[in-house]
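The residues making up each chain are set out below.
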Amino acid sequence: KYCIDSINLNNNKPFINLYLADSFLQNDESKKALKVLDDIKKRSRDQNYYFLKGNILQSLNNHDKAIENYNKAINIEKNFMGALLNRAWSRYQTNDLDGALSDTDKVLNLEINNSFALNTRGLTKYKLGDFINGCLDLQKASNLDLKEAKEYLKSKEGKWCNKD
């Protein structure tokens, strides 16, 4: 039982409610987090609401709905880095590879060494058949100490990248 369960879910303090939903998400209780968010849905102009709802939906592998929520967050805040990164991942998962590349490129224009964007872009380029540039992005993400990139490069699928 988490101590956050004792917070009144019907209060009108958006920050506490978003924190509560995020805490449920961090504790692998995605469905509880989604219920909290739906119960506290604030005015539709809060990018953080849509971002967190997208994260929950993404954790439930509902990538199409996650993308819809990330789109809403990005429509409110154009350069919302977290929403762009997570939308890129959901686009990759749904094979919207051009969309994934577009999102990762936007992030990398804002932050050139973003390891998550490099990882997603590398995987996307590989899936599109651009093996050399995909490998370069994955290696750069790994060199930036991204665990997922390092694990991928060690995996059976990532072995192609380690060949000279």
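Numbering of residues starts from 1 in each chain and follows the order in which that chain's sequence is written. Only residues with pLDDT of at least 70 get local features here, since the model is predicted, and only at 80 or more are side-chain atom pairs given and counted; chain-wide, interface and lining totals rely on the full set of residues. Where side-chain values are given, they derive from all heavy atoms of the structure, hydrogens and water being excluded.

## Focus: the pattern of salt bridges
Here the idea is simple: oppositely charged side chains can pair when their charged atoms come close. In the sections that follow, a salt bridge refers to a side-chain nitrogen of Lys or Arg positioned within 4 Å of a carboxyl oxygen of Asp or Glu. Counted by the stated rule, this structure contains eight salt bridges. Asp 103 is the salt-bridge partner of Arg 87, the closest N and O atoms lying 2.6 Å from each other. With Arg 87 in helix 5 (residues 81-93) and Asp 103 in helix 6 (residues 97-110), this residue pair connects regions lying 16 residues apart in the sequence. Put simply, Arg 121 and Asp 105 hold a salt bridge, and the shortest N to O gap is 3.0 Å. With Arg 121 in helix 7 (residues 115-127) and Asp 105 in helix 6, this pair connects stretches of sequence that are 16 residues apart. Connected via shared salt-bridge partners are Arg 87, Arg 91, Asp 96 and Asp 103. Every helix listed is a DSSP run of H or I at least four residues long, and every strand listed is a run of E at least two residues long, numbered separately from the N terminus.

## Examining the packing of helix 7 against helix 8 (residues 131-143)
For any two helices packed against each other, one specifies the crossing angle of their axes together with the interaxial distance. It is at 7 Å that the axes of helix 7 and helix 8 come closest, and there the two elements cross at 155°. By the angle between their axes, helix 7 is roughly antiparallel relative to helix 8. Crossing of helix 7 over helix 8 shows left-handed handedness. Residues Ser 115, Leu 118, Asn 119, Arg 121, Gly 122, Leu 123, Lys 125 and Tyr 126 of helix 7 lie in contact with helix 8, whose contacting residues are Phe 131, Asn 133, Gly 134, Asp 137, Leu 138, Lys 140 and Ala 141. Class assignment for the residues of the contact of helix 7 with helix 8 results in six nonpolar, five polar and four charged. Axis angles are defined between N-to-C directions and span 0 to 180 degrees, where every axis is a line fitted to C-alpha atoms and, for a helix, only to the segment in contact. Note on terminology: angles under 35 degrees are roughly parallel, angles over 145 are roughly antiparallel, angles of 65 to 115 are roughly perpendicular, and the others are oblique. Here a crossing is called left-handed whenever its near helix is offset anticlockwise from the far helix by less than a right angle, and right-handed whenever the offset is clockwise. Any two residues whose heavy atoms approach within 4.5 Å are treated as being in contact. Residue polarity is assigned by list, with Asp, Glu, Lys and Arg as charged and Ala, Val, Leu, Ile, Met, Phe, Trp, Tyr, Cys and Pro as nonpolar; anything else, Gly included, falls into the polar class.

## Details of helix 8
Residue count minus one, scaled by 1.5 Å, sets the expected span of a helix. The terminal C-alpha atoms of helix 8 lie 18 Å apart, and with 13 residues this matches the ideal 18 Å at 1.5 Å per residue to within 8%. Buried within helix 8 we find Gly 134, Cys 135, Asp 137, Leu 138, Ala 141 and Ser 142. Around the axis of helix 8, the buried residues are gathered within 165° of arc, so they sit on the same side. Projecting away from the buried face of helix 8 at angles above 90 degrees are the exposed residues Ile 132 and Asn 143. Buried residues along helix 8 sit against helix 7 and helix 9 (147-154). Count one or two residues on from helix 8 and you reach Asp 145, which has phi positive near 75°. Accessibility here uses a 1.4 Å probe with only protein chains present; expressed as a share of the type maximum, an area under 20% marks a residue as buried, one over 50% as exposed, and anything in between as partly exposed. In this context, the arc is that of the directions from the helix axis out to the C-beta atoms.

## Description of the confidence of the model for the protein chain
Across the chain, each position has a pLDDT score giving the predictor's confidence in that residue, from 0 to 100. For the protein chain, mean pLDDT is 82; residues scoring 70 or higher make up 74% of the total. Confidence over residues 1-16 falls short of pLDDT 50; this stretch has 18 contacts with residues more than four positions distant or in other chains.

## Examining helix 3 (residues 47-59)
Here helix 3 is 13 residues long and its end C-alpha atoms lie 18 Å apart, about the 18 Å a rise of 1.5 Å per residue gives. For helix 3, a buried count of eleven out of 13 residues is recorded, marking the element as mostly surrounded by other parts of the structure. Along helix 3, the residues that are buried comprise Gln 47, Tyr 49, Tyr 50, Phe 51, Leu 52, Lys 53, Gly 54, Asn 55, Ile 56, Leu 57 and Gln 58. Just beyond helix 3, the residue with positive phi is Asn 61, at close to 60°.

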